[in-house]
Amino acid sequence: MNQFLVKHFMDTNRLSKTLAKALNQQMTNEAHNAQIYLAYASWADSEGYEGIANFLFRHANEERNHMMKILEYILKRGAKVVVSAIPSPGPDPKSVNDCFEKVFKSEVENTASIYDIVNKSMEEKDWATWNFMQWFVKEQTEEETLALDLLSKIKVAGGEKAHHDALYTLDNDLGKTPDDAVLAQNVTVENP
């Protein structure tokens, strides 16, 4: 009964309106990114790139997990979750190169949004939110690095003009590629 009274008669929200709005928007951004990965994975599969599709489907799930992390955080801080419409992922990629260029662009935009929340949390001295967002900062570094690594491989394979043999190898490799990237802060002289 006491928990009921506290929850229904006492304001337990510890997020400012600004941060609650930004976190809710970021939750929508993560859902949108999940839809982008889902759409691109479906495109890749329909084009015969099962390995690339598998890689992208796994990342769609990862983005949904990010969305749920933020949703849970908003709830735990006593604020209201606002579930908004998710924008369309846009047109299908024109090629494997175009697909990963779009993935990279989407990740860079997501990083900017996350940095905005980090900056707002610093300005407001909301250290709980600042600390929570550090996981996302590291995750975005990894996501951008992974996308750039894939773009580099596609560039070596010929970029937009990549030959079918090279795309076949890339497709096979991506089906087995781990979802993590080696980050600069983890590199040593002994382990470059």
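A brief look at the structure comes next. Here the structure is a predicted model, which means the values were calculated and not measured.

**Considering the overall build of the chain**
Across its full length, the chain carries six helices and zero strands. Helices and strands appear in the chain in the N-to-C order α-α-α-α-α-α. Across the 192 residues in the chain, those meeting the buried criterion constitute 43%. Sequence separation of at least 24 residues holds for 82% of the intrachain contacts in the chain that already meet a minimum separation of 6. With an accessible surface of roughly 11300 Å², the chain has 56% of that area assigned to carbon and sulfur atoms.

**Some details on the environment of Leu150**
When you line up the elements, Leu150 lands in helix α5 (residues 127-157). A relative accessible area of 4% means that Leu150 is categorised as buried. Along the chain, Leu150 and Phe104 lie 46 residues apart, while their C-alpha atoms are 9.4 Å from each other. Among all residues touching Leu150, those that are not within four sequence positions of it are Phe55, Phe100 and Leu174.

**Quick notes on unusual backbone geometry**
Peptide bonds are trans in most cases, and residues, glycine excluded, mostly fall at negative phi. If you check the backbone angles, Lys125 has positive phi at about 55 degrees while not being a glycine. Here Lys125 is to be found in the loop between α4 (96-123) and α5. Lys125 gets classed as exposed once you look at its relative accessible area, which sits at 59%.

**Side note on the pattern of salt bridges**
Two side chains of opposite charge can pair, provided their charged atoms sit close to one another. One pass over the full model with this rule turns up five salt bridges. Residues Lys76 and Glu72 are paired through a salt bridge, measuring 3.4 Å at the closest nitrogen-oxygen approach. Of this pair, Lys76 and Glu72 both sit in helix α3 (residues 50-76), four residues apart, roughly one helical turn. Here Lys102 and Asp98 are joined by a salt bridge, their closest N and O atoms 3.6 Å apart. Separated by four residues within a single helix, Lys102 and Asp98 lie in helix α4, roughly one turn from each other.

**So, α4**
Taking 1.5 Å of rise per residue, 28 residues should cover 40 Å, and α4 covers 41 Å from first to last C-alpha, within 8% of that figure. Downstream of α4 by a residue or two, Lys125 has a phi angle that is positive, lying close to 55 degrees.

**Structural notes on helix α2 (residues 17-46)**
Between the first and last C-alpha of α2 there are 43 Å, a value that for 30 residues agrees with the 44 Å anticipated at 1.5 Å per step. Most of α2 sits out of view: 21 of its 30 residues are buried.

**Here we look at the side chain of Glu30**
Inspection of the secondary structure puts Glu30 in helix α2. One buried charged residue, Glu30, forms no salt bridge at all, with the nearest opposite charge on Lys69 at 11 Å. Looking at Glu30, its side chain comes within polar contact range of the side chain of Asn110, at 3.2 Å. Excluding anything up to four places from it in sequence, Glu30 contacts Glu63, His66, Met67, Ile70, Asn110, Ile114 and Phe136.

**Points about the packing of aromatic side chains**
Applying the stated criterion across every chain, the model contains six aromatic pairs. For the ring pair Trp127 and Trp130, a centre distance of 6.5 Å and an interplane angle of 80 degrees mean the geometry is edge-to-face. With Trp127 and Trp130 both in helix α5, this residue pair falls three residues apart, about one helical turn. On the accessibility criterion, Trp127 (46% relative accessible area) is partly exposed. Relative accessible area serves as the criterion here: at 30%, Trp130 is assigned to the partly exposed category. One aromatic cluster is present, built from ring pairs that chain together Tyr73, Phe132, Trp135 and Phe136. Sitting over the ring of Trp135, Lys69 keeps its end group 4.4 Å from the ring centre.

Rules of the game
- Residues numbered from 1 in each chain as written.
- Predicted model: local features only at pLDDT ≥ 70, side-chain atom pairs only at ≥ 80, totals over all residues.
- Heavy atoms only, no water.
- Helix = DSSP H or I, 4+ residues; strand = E, 2+ residues; numbered from the N terminus.
- Buried < 20%, exposed > 50% of the residue type's maximum accessible area, 1.4 Å probe, protein only.
- Contact = heavy atoms within 4.5 Å.
- Areas by Shrake-Rupley, 256 points an atom, 1.4 Å probe, with all protein chains shown as cover.
- Salt bridge = Lys/Arg side-chain N within 4 Å of Asp/Glu carboxyl O.
- Expected span 1.5 Å × (residues − 1).
- Lys, Arg positive; Asp, Glu negative; His and termini not counted.
- Polar contact = N/O pair within 3.5 Å; in protein donor to acceptor, adjacent residues only side chain to side chain.
- Phe/Tyr/Trp six-rings, centres within 6.5 Å; stacked < 30°, edge-to-face > 60°.
- Lys NZ or Arg CZ within 6 Å of the ring centre and 35° of its normal.

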